[in-house]
Each structure stands twice: as structure tokens, then as C-alpha cells.
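Report on the structure
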Amino acid sequence: YASVTTPLSPFQSTSKEALQIVIAKGPFTTINNNAYDALHDFIDQVNKRKPHVVFFLGPFVDEKHKSMDDYDTLFRQQVLHPIQTKLDSSIRCILVPSLDDIHHDFVFPQPPFDLPFYDCHAKNIMSIVNPSII
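We now turn to the structure provided with this report. The structure presented is a predicted model; accordingly, all values stated were derived computationally and were not measured. (Residues numbered from 1 in each chain as written. Predicted model: local features only at pLDDT ≥ 70, side-chain atom pairs only at ≥ 80, totals over all residues. Heavy atoms only, no water.)

1. Here we look at the side chain of Asn130
Rules: Counting from the N terminus, the helices are the DSSP runs of H or I reaching at least four residues and the strands are the DSSP runs of E reaching at least two. Burial classification: accessible surface area is computed with a 1.4 Å probe over protein chains only, and a residue below 20% of its type maximum counts as buried, one above 50% as exposed, and the rest as partly exposed. Here a polar contact is taken to be a pair of N or O atoms separated by no more than 3.5 Å, where protein atoms must pair a possible hydrogen donor with a possible acceptor and residues adjacent in sequence count only if both atoms sit in side chains. For this analysis, residues touch if any pair of their heavy atoms sits within 4.5 Å.
Mapped onto the elements, Asn130 comes out in the segment after strand 4 (125-127). Taking relative accessible area as the criterion, Asn130 reaches 16% and is therefore assigned buried. One polar contact links the side chain of Asn130 to the main-chain carbonyl oxygen of Pro97, over a distance of 3.1 Å. Sequence-distant contacts of Asn130, that is, excluding residues within four places in its chain, are made with Val96, Pro97, Ser98, Leu99, Phe108, Pro109 and Gln110.

2. Re the nonpolar core
Where we set the bar: We define a nonpolar core as any set of buried Ala, Val, Leu, Ile, Met, Phe, Trp, Tyr and Cys residues linked to one another through side-chain atoms lying within 4.5 Å.
One finds Val54, Phe56, Ile83 and Leu95 to be the most contacted residues of the largest nonpolar core, which totals 27 residues. If one sorts the elements of this core by residue count, helix 2 (residues 71-86) sits on top with 5 residues. Residue contacts for Leu95: discarding those within four places in its chain leaves Phe56, Phe60, Leu80, Ile83, Phe113, Leu115, Ile125, Met126, Ser127 and Ile128. By size, the runner-up hydrophobic cluster in this structure holds 6 residues, among which are Phe55, Ile94, Val96 and Met126.

Spatial relationships are all this shows, so hold off on functional conclusions.
Structure, rendered in C-alpha cells:
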């Protein structure tokens, strides 16, 4: 995806502290439950720790959600909406798709999520190509 630009501006901290990064890999649901409680709990922990950057690695909507009718709506409502509304806006958030995401392209390399399509316009949230070099 040579035409995809990575809109990551260089991180510039006003303090001399080390760059703090938190990374989580999905799925963000449990085996027994399709609710995204684990995602909500993770966001709460991130907000307490206040890292500079948090990476969310898919899958976000995997094969166990096959009983759902609209995977895009599930991703929009159960994943992106909580991230947009609960995550501290001072924390830079980077979403990385997975080949196990059933709502996204099954090609490799995998394009980033089209966040405006999902009504995600938060300036601190972005999606990048899978795989990526940062």
C-alpha cells in the first residue's frame, strides 16, 4: 500500500521522560461472552497509566462473532465508540488490523481501517497498515 501515507508526526515530548507505550492484542472479548468488557477494562487501565501511545492490535471482530449480522456496525459501536469516548484524548491511539478481523480486507499487506467510514474522527486515533514499520 504505497499510496497509504502514515500520518504519524514525530513524537515530541515537552518533558525528559522516556516514551511510554502500551500494547494490547485482541480479541477483546472472552470465550464465553461477546461483550467487550475486556476492552473497556483495558481502556480504564490505560487511562490510569497515561502512556504517550497505545497500540490496539486486532482481531477486533473475529470468527466467533459470526452470529452477528453487521460486522461493521459491531466494530463501530463496540470497539471504536468506546475508544473514542473513554480513552483520554491526550493519549495517541494506533489501531492495527488483523487477518482474523472478519469485517476487514483479507489481503496481505492489509490496509488500515478507514476510520471516517466508521465515523471515527478523533485526532488522537489512527489506523496503520499491517504490517507496519514505525
